[in-house]
Amino acid sequence: MNDEAVQDRSPEDGDDGPMSRRSVLRTTAGAAGAGLALGALGAGPAAAAGPADAVAAAAGREPDATPARKGRTMAGVPFERRTTVRVGIIGLGNRGGSMADLFLALPGVRVVALCDPVRDKAERVAAKVVAAGQPAPAVYAKDEDDYENLCARGDLDFVYVATPWETHFAMARAAMLSGKHVGVECPVAMRLDELWALVDLSERTRRHCMQLENCAYGRNEMRVLRMAHAGKFGELLHGAGAYNHDLRGLMFDDDYYEGPWRRLWHTRLRGDLYPNHGFAPVANYMDVNRGDRVVSISSFGTPALGLAEYREAHVPAGHPSWKESYIGSDRTVSMLRTAKGRIIRLEHDVSTPHPYSRINSLGGTKGVFEDYPARIYIEPDHLDDRWADFSRYAEWDHWLWKEHANPPGGHGGMDYIMLFRLTQCMRLGLVPDFDVYDAATWTAPVPLSHASVKAQGAPQAIPDFTRGEWRKARAGTDSERPANDG
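Identification of the chain as Glycosyl hydrolase family 109 protein from Streptomyces uncialis is taken from an unreviewed UniProt entry. Checking UniProt for the chain, the heading Cofactor (unreviewed entry) contains the comment "NAD(+)".

Asker: I'd like a description of the state of the cysteines, backed by residues and values.
Answerer: One pass over the structure, following the stated rule, counts 0 disulfides. Residue Cys 151 stays outside any disulfide, its sulfur separated by 8.1 Å from that of Cys 115, the closest cysteine.

Asker: Summarise the layout of surface pockets; cite the residues concerned and give the values.
Answerer: Size it by volume and the largest pocket reaches roughly 1,200 Å³. Put simply, the parts of the chain that give the lining of the largest pocket at least two residues each are helix H4 (94-105), helix H5 (119-131), helix H7 (168-177) and helix H11 (261-264). Considering every element that reaches the lining of the largest pocket, the biggest residue donor is H4, with 6 residues. Classifying every residue of the lining of the largest pocket by side-chain character gives 22 nonpolar, 15 polar and 13 charged. Both of domain 1 (85-212) and domain 2 (215-398 + 434-471) provide at least three residues apiece to the lining of the largest pocket.

Asker: Got a sec to walk through the environment of Asp 381? Specific residues and values, please.
Answerer: With respect to the secondary-structure elements, Asp 381 resides in the loop between strand S13 (375-378) and strand S14 (388-389). In the structure, Asp 381 is positioned 149 residues away from Lys 232 in sequence and 10.0 Å away in space, judged by C-alpha atoms. A distance of 2.6 Å separates a polar atom in the side chain of Asp 381 from a polar atom in the side chain of Tyr 393.

Asker: Give a description of the packing of helix H9 (residues 219-229) against helix H12 (residues 276-285) that names residues and reports values.
Answerer: Remark: H9 packs on H12, axes separated minimally by 9 Å, with the N-to-C direction vectors making an angle of 25°. With respect to each other, H9 and H12 are oriented roughly parallel. For H9 against H12, the interelement crossing comes out right-handed. In this structure, H9 contributes Glu 221, Val 224, Leu 225, Ala 228 and His 229 to the contact, and H12 contributes Pro 281, Asn 284 and Tyr 285. Tallied by class, the residues present in the contact of H9 with H12 amount to 5 nonpolar, 2 polar and 1 charged.

Asker: Kindly report on the environment of Gly 468, identifying the contributing residues and their values.
Answerer: Of note, Gly 468 is situated in the segment after strand S15 (460-461). Its relative accessible area of 19% is what places Gly 468 among the buried residues. Counting along the chain gives 175 residues from Gly 468 to Arg 293, while the straight-line C-alpha distance between them is 9.6 Å.

What counts, and at which threshold
Residues numbered from 1 in each chain as written. Predicted model: local features only at pLDDT ≥ 70, side-chain atom pairs only at ≥ 80, totals over all residues. Heavy atoms only, no water. UniProt positions renumbered as here; feature names shortened; annotations may be inferred. Disulfide = S-S within 2.5 Å. 1 Å grid on protein atoms, 1.4 Å probe; cavity = no way out; pocket = protein on both sides within 12 Å on 5 of 7 lines; lining within 4 Å. Points joined across faces, edges and corners; volume = space filled by probe spheres on them. Helix = DSSP H or I, 4+ residues; strand = E, 2+ residues; numbered from the N terminus. Nonpolar A, V, L, I, M, F, W, Y, C, P; charged D, E, K, R; others polar. Domains from an automatic or database assignment. Polar contact = N/O pair within 3.5 Å; in protein donor to acceptor, adjacent residues only side chain to side chain. Axes fitted to C-alpha atoms, helices over the stretch in contact; angles between N-to-C directions. Parallel < 35°, antiparallel > 145°, perpendicular 65-115°, else oblique. Left-handed = near helix turned anticlockwise from the far one by under 90°. Contact = heavy atoms within 4.5 Å. Buried < 20%, exposed > 50% of the residue type's maximum accessible area, 1.4 Å probe, protein only.

Here it is, written out as structure tokens:
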């Protein structure tokens, strides 16, 4: 399909008849309103119910009832082929601004529109677009809602969202309702009912909604993925991932985060606020949503002391943060169980001194890998009870890393690898490496860990967002190199 055909193509109607943007906005707004009436994650009526019932009540549905599919599955659905991927970017702060540079470095990609309520940021990135030899992009900086006008453009294929967490859901929804595929920074939404709404909307509009999880494209992560799928670890048994990153200084830096939005989440939720970086790679190793699925989560949290202690020592009197009371656990530990009986441990800690670690471990009947630092022990290669150097396994690197050995950008190049692969799939009309079901699954620990911590670790049911599709094996991030791309 050529670019002109893509531009004029309307989203397909769901199986239950035509859909209007207004009707879906009304439906999803009603669902969100119902959830808010129950509190963030199951206060009120849910509090007196059992753990699974609490999850269901927070989502606004009957306990143990998977909502009926309102469209058709998006599992295995390819993008429309196009020669140029036309991108709109919402949010041009630290993350969005740096990712704009990578979009400009990609083959077959044009940055068409930019949105940020701070006009200087948008115009600064617009100048980079022109300097890269592309036409001047449209700039949307009128107010906080100007993203809706960007999404409504007829000359966009993909919308990239890099804004504060509480805005992700509304922006992803607006993009899909306007007929655009959308990629969202972590987490894709903050509430269980919002996750279901994104799943339903992706199925009804036939637009992909993806969690842009860069850590799934890390060199070590992709090497372990290929080794796992080749059986080097035997039958997989357990894995672990984390986001242990001392962010105290940055969270009290009003310039870095432009306001207190990230710090304020520590006044609202007690669980794992940022599970995606640790969870997604392990989920890929275990083929979650592609032959297995996570079924429950039990979470435990420490007291919330770190941010208040840091504020006492480093923040001057009169700073707005002195009005805040922190409830977010300094360290959250969650145990997830899969349908095949495997276990996944997740950790989150951004409030205490700790060297950066995503843990990133995988174990099976033939051995184990652990990261930070990277080391491996598998049979029959190692029989001396000592860790081995993981660099000896470079032959297992994913083809993306073999062809892009020194990618540009931050985070060790994983950001570029992720965007290259995404836009390659769009140009060639391929199935994306992950989809809305992965986005919902990887983000579900945000609300569910909070509910579990509040319930003293009681297990919370993780919904089957795929509605049974998880039983079918299918490709994911462990992709084959396309034969027709260079």
